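Take a look at the letters that make up each chain.
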Amino acid sequence: MFKEEYIFFDVNVNTKTEALEFISEQALKLGLTDNKNELLNDFMKREEEFSTGLQDGFAIPHAKSSHAKKIAIIYVSCKKQIKEWETLDDSFVTNLFALIVPKQNAGNEHLMMISKLATNLLEDKFKNTVKSSKNKSELAEYIIKTMKEDN
């Protein structure tokens with residue numbers, strides 16, 4: 001679901017679309033999707049329903065897709081602020097947790113993942129650790145451990 005190779009630091013994207021294109025491209029390279037364009041379309045459709053921007057520079061874009069091969073979370077820190085992403089506190093997005101969910105798994109599991117991530121993103125320690133991390137293996141270990149804990 002979450003691995004060290006699903007972490008991308010200092011990604012050079014300027015817009016929400018570019019960020020979702022990057023995530024879809026990486027999902028294809030990682031074997032998480034069989035069609036990056038269809039996955040991108042599923043991310044974009046979800047964003048049209050309601051922005052996935054949260055607060056403090058975080059967003060949780062997610063896609064239920066028939067082109068997703070397995071459930072995964074990809075983390076991206078952006079080099080620049082994405083100004084067009086609507087957030088709850090009008091902050092600019094710099095950190096993304098993208099959830100990729102196969103349509104056949106789109107029941108409670110992905111809702112629990114979103115809920116767990118959103119709950120963790122209310123915690124200053126979690127946000128600060130994620131934002132300041134520059135070591136993929138340490139960050140992966142921290143996120144996996146935190147996602148397993150009960151808040």
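For clarity, every value in this text was computed on a predicted model and none was experimentally measured.

**Q** Please clarify how the overall build of the chain should be interpreted in this entry.
**A** Counting its secondary structure elements, the chain contains 5 helices and 5 strands. Helices (α) and strands (β) of the chain occur, in sequence order from the N terminus, as β-α-α-β-β-β-β-α-α-α. For the chain, the C-alpha radius of gyration of 14 Å lies close to 15 Å, the compact-globule estimate for 151 residues. Summarising its shape, the C-alpha atoms of the chain cover approximately 35 × 30 × 25 Å along the three principal directions. Counting the 151 residues in the chain, one finds 48% classified as buried.

**Q** In this structure, what is going on with the side chain of serine 133? I would like to understand it.
**A** Tracing the chain through its elements places serine 133 in the loop between helix H4 (124-132) and helix H5 (136-148). What makes serine 133 buried here is its relative accessible area of 12%. Those residues in contact with serine 133 that sit more than four places away from it in its chain are Phe9 and Leu139.

**Q** Explain the confidence of the model for the chain to me, please; I cannot follow it from the model alone.
**A** Parts of the model with low pLDDT should not have their predicted coordinates read in detail. Residues with a pLDDT of 70 or more make up 95% of the chain, whose mean pLDDT is 92. The secondary-structure element of the chain with the lowest mean pLDDT is helix H3 (residues 108-120), recorded at 80, while helix H1 (residues 16-29) shows the highest, at 98.

**Q** Would you take a moment to explain the packing of aromatic side chains for this structure?
**A** Under the definition given, this model contains 6 aromatic pairs. The interplanar angle of 90 degrees and the centroid separation of 5.3 Å between the aromatic rings of phenylalanine 8 and phenylalanine 22 together place this pair among those described as edge-to-face. Note that phenylalanine 8 is positioned in strand S1 (residues 7-11) and phenylalanine 22 in helix H1, a separation of 14 residues in sequence. You can call phenylalanine 8 buried: its relative accessible area is 14%. Between phenylalanine 58 and phenylalanine 97, the ring centres sit 6.3 Å apart and the planes meet at 10 degrees, which makes this aromatic pair stacked. Remark: phenylalanine 97 occurs in strand S5 (residues 93-102) and phenylalanine 58 occurs in strand S2 (residues 58-59); sequence separation between them is 39 residues. Neither residue differs from the other here; phenylalanine 58 and phenylalanine 97 are each classed as buried. One aromatic cluster is present, formed by Phe9, Phe58, Tyr75, Phe97, Phe126 and Tyr142 through successive ring pairs. Geometry around phenylalanine 9 places lysine 134 over its ring, the cationic atom sitting 5.7 Å from the centre. One cation-aromatic arrangement involves lysine 136 over phenylalanine 8; the distance from NZ or CZ to the ring centre is 5.6 Å.

**Q** What is the right way to look at the nonpolar core in this model?
**A** Note on soluble globular proteins: their nonpolar side chains tend to be buried together. Counting 25 residues, the largest nonpolar core has Ile23, Phe43, Ile74, Val76, Trp85, Leu96 and Ile100 as the members making the most contacts within it. Elements with a contribution of two residues or more to this core: S1, H1, helix H2 (36-49), strand S4 (72-82) and S5. Looking at which element gives the most residues to this core, the answer is S4, with 5 residues. Those residues in contact with valine 76 that sit more than four places away from it in its chain are Phe8, Val11, Phe22, Ile23, Thr94, Asn95 and Leu96. Of all hydrophobic cores here, the second largest spans 22 residues; its members include Ile60, Val101, Ala140 and Ile143.

Conventions we followed
Residues numbered from 1 in each chain as written. Predicted model: local features only at pLDDT ≥ 70, side-chain atom pairs only at ≥ 80, totals over all residues. Heavy atoms only, no water. Helix = DSSP H or I, 4+ residues; strand = E, 2+ residues; numbered from the N terminus. Rg over C-alpha atoms; globule rule 2.2 N^0.38 Å. Buried < 20%, exposed > 50% of the residue type's maximum accessible area, 1.4 Å probe, protein only. Contact = heavy atoms within 4.5 Å. pLDDT = per-residue confidence, 0-100. Phe/Tyr/Trp six-rings, centres within 6.5 Å; stacked < 30°, edge-to-face > 60°. Lys NZ or Arg CZ within 6 Å of the ring centre and 35° of its normal. Core = buried A, V, L, I, M, F, W, Y, C linked by side-chain atoms within 4.5 Å.

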